[in-house]
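Residues per chain, in single letters:
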Amino acid sequence: RSMLLSRFRSKPEEVRRWSSTSAAPAGWLTSWSTEVQNWISMEKGGQEKRQNRDMPTRDQNFDHEKWSIHKDPKRHVRHFVTWGYSAATQRILFPDLALIFSSSALLTAFNHVAEIPMYMPPEPIVLPSVALGLLITFRTNTANMRYNEARCLWGEIVNTSRDITRIALQWLPQSNDDKFGKAQSAKVCRMTKAFNIVLKYHLTIDGGNPDDRVSRTDPELPSKVKEELRKELSMVCFSPSDPVQAQELEDCLNSSHRPLWAIQQMCDASHAGIWARCGDRPDRALRDGQLLERHFQRLCGAMGACERIHRTPIPTAFTRHCSRFLMVWCNAMPFVLWPIVGTATPLAATFVSWAMLGTEDIGVQVEEPFDVLPLFQYCQGIAATCDGMVKDAHNNMITLSKDLEFQRTGPQILVEDMVERSFNNNNNRRTAAAH
């Protein structure tokens, strides 16, 4: 009886042990499924909303989580599992790889039934392979240089936008009671955010947003993109309920060169605020104006460099020659592979062609960097920074120029007195000369 009771009492524990072991595979499968979904999301990157294969893949800014996935030791398995989501593979799948596979299959079928099969020695393929590799490498490296330069230019735009906002909020209003100065500094902040948004639309055909992608074959593409721009500017920069800002929005949309218009509006607002605070010292207005003018020139220079990259591709002769060379080489590959792999020629030729065509396709896509870079995230970061500094100024966390309280040291007082005395002496000389 005691043995039966002991067995009966231990049975629930055995059941629990069996249930835990049976639940382990289920938990492992759930974890694996979640990890695969994260891999797919990482592989998609900025292409979730792509409607067609020819649409570009817009990468996203990396954070700590994305960097950890990017450097994961299982990245090779991840890349193999998510092969079907590769944007480069999707772009070259048809007609390039389909054509090569079809021609290889036809050659294989013909050689299988023909008395005299068609093939050739490997030298005609091996000898030009060096030139083809150098040509593809040159294009890819040049495209990466353009990508890096474009990213550096937008980094310059981000930093300059922060500097302009910081200087405008601290130096244009003289004090908390200076309504005119605050209005001008607010306008500078609005135009700073608007400049980055209109520049993004200026450099991309569809506005560079990942969510609202307009089809590039849509006959109403310009009007739809303009409406998207209006919506984004109304949401981030201008308030349609304010008559002044509503007029600024319409002027921006109707401008022939919107980024340059935004820079000019920044100049007008900053110069108005500077002249209002200088009083009877126009030399101070020139000094402060030159300080902000240097930042406006940096924006204008970065904008011009972006336009240069956008309008000047790699010499098209390289692109055309590389494309022709590559297609001839890939379609001639089955004649060399047939004596080596036999009926596996279509698969072998398709794999080799995928490796070469995929590398060339990535270089072509990166050649136009503004269609690949996450410009929308750069603009969101600039808007968030500007709004954060405006909020700090509203909460009196930014000390204005007239409200600064500090004790000057002796040399500073001496230098200021010397400058003041020199200025008075020059005025006295001009007065005496006039008399």
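Look a little higher up for the structure.
Because the structure is a prediction, the values reported are computed rather than measured. (Residues numbered from 1 in each chain as written. Predicted model: local features only at pLDDT ≥ 70, side-chain atom pairs only at ≥ 80, totals over all residues. Heavy atoms only, no water.)

Comments concerning the packing of helix H6 (residues 129-171) against helix H14 (residues 375-394)
Thinking step 1. Where H6 meets H14, the axes come as close as 10 Å, and the angle between the chain directions of the two elements is 15 degrees. The angle between the axes of H6 and H14 places the two elements in the roughly parallel class. Considering how the two elements wind past one another, H6 and H14 form a crossing that is right-handed. Every residue of H14 that contacts H6 at Arg-151, Trp-154, Ile-157, Val-158, Ser-161, Arg-162, Thr-165, Arg-166 and Leu-169 is listed here: Leu-375, Tyr-378, Cys-379, Ile-382, Thr-385, Cys-386, Met-389, Val-390 and Ala-393.
Thinking step 2. Class assignment of the residues belonging to the contact of H6 with H14 gives a composition of twelve nonpolar, three polar and three charged. (Axes fitted to C-alpha atoms, helices over the stretch in contact; angles between N-to-C directions. Helix = DSSP H or I, 4+ residues; strand = E, 2+ residues; numbered from the N terminus. Parallel < 35°, antiparallel > 145°, perpendicular 65-115°, else oblique. Left-handed = near helix turned anticlockwise from the far one by under 90°. Contact = heavy atoms within 4.5 Å. Nonpolar A, V, L, I, M, F, W, Y, C, P; charged D, E, K, R; others polar.)

So, the pattern of salt bridges
Thinking step 1. All told, the structure shown has 13 salt bridges when counted by the stated rule.
Thinking step 2. The shortest N-O distance in the salt bridge between Glu-367 and Arg-139 comes to 2.6 Å. Placement of the pair is Glu-367 in helix H13 (residues 345-367) and Arg-139 in helix H6, with a sequence separation of 228 residues. Comparing Glu-367 with Arg-139 shows no difference in burial state: the two are buried.
Thinking step 3. With a closest N to O distance of 3.9 Å, Glu-228 and Lys-231 form a salt bridge. One end of the pair is Glu-228 and the other is Lys-231, both in helix H8 (residues 221-236) and three residues apart, which spans about a single turn.
Thinking step 4. Residues joined in a network through salt bridges with shared partners are Glu-156, Asp-163, Arg-166 and Arg-298. (Salt bridge = Lys/Arg side-chain N within 4 Å of Asp/Glu carboxyl O. Buried < 20%, exposed > 50% of the residue type's maximum accessible area, 1.4 Å probe, protein only.)

Here we look at the nonpolar core
Thinking step 1. In this structure, Trp-154, Ile-157, Phe-195, Leu-233, Met-266 and Phe-370 are the most contacted members of the largest nonpolar core, which totals 50 residues.
Thinking step 2. Looking at this core, the elements that each hand over two or more residues are H6, helix H7 (179-203), H8, helix H9 (243-254), helix H10 (258-278), helix H11 (282-311) and H14.
Thinking step 3. The element best represented in this core is H7, accounting for nine residues.
Thinking step 4. With residues up to four places along the chain from it excluded, the contact list for Ile-157 reads Phe-195, Asn-196, Leu-199, Leu-299, Ala-302, Cys-306 and Ile-382.
Thinking step 5. Ile-125, Leu-135, Ile-136 and Val-336 belong to the second largest nonpolar core, which has 17 residues in total. (Core = buried A, V, L, I, M, F, W, Y, C linked by side-chain atoms within 4.5 Å.)

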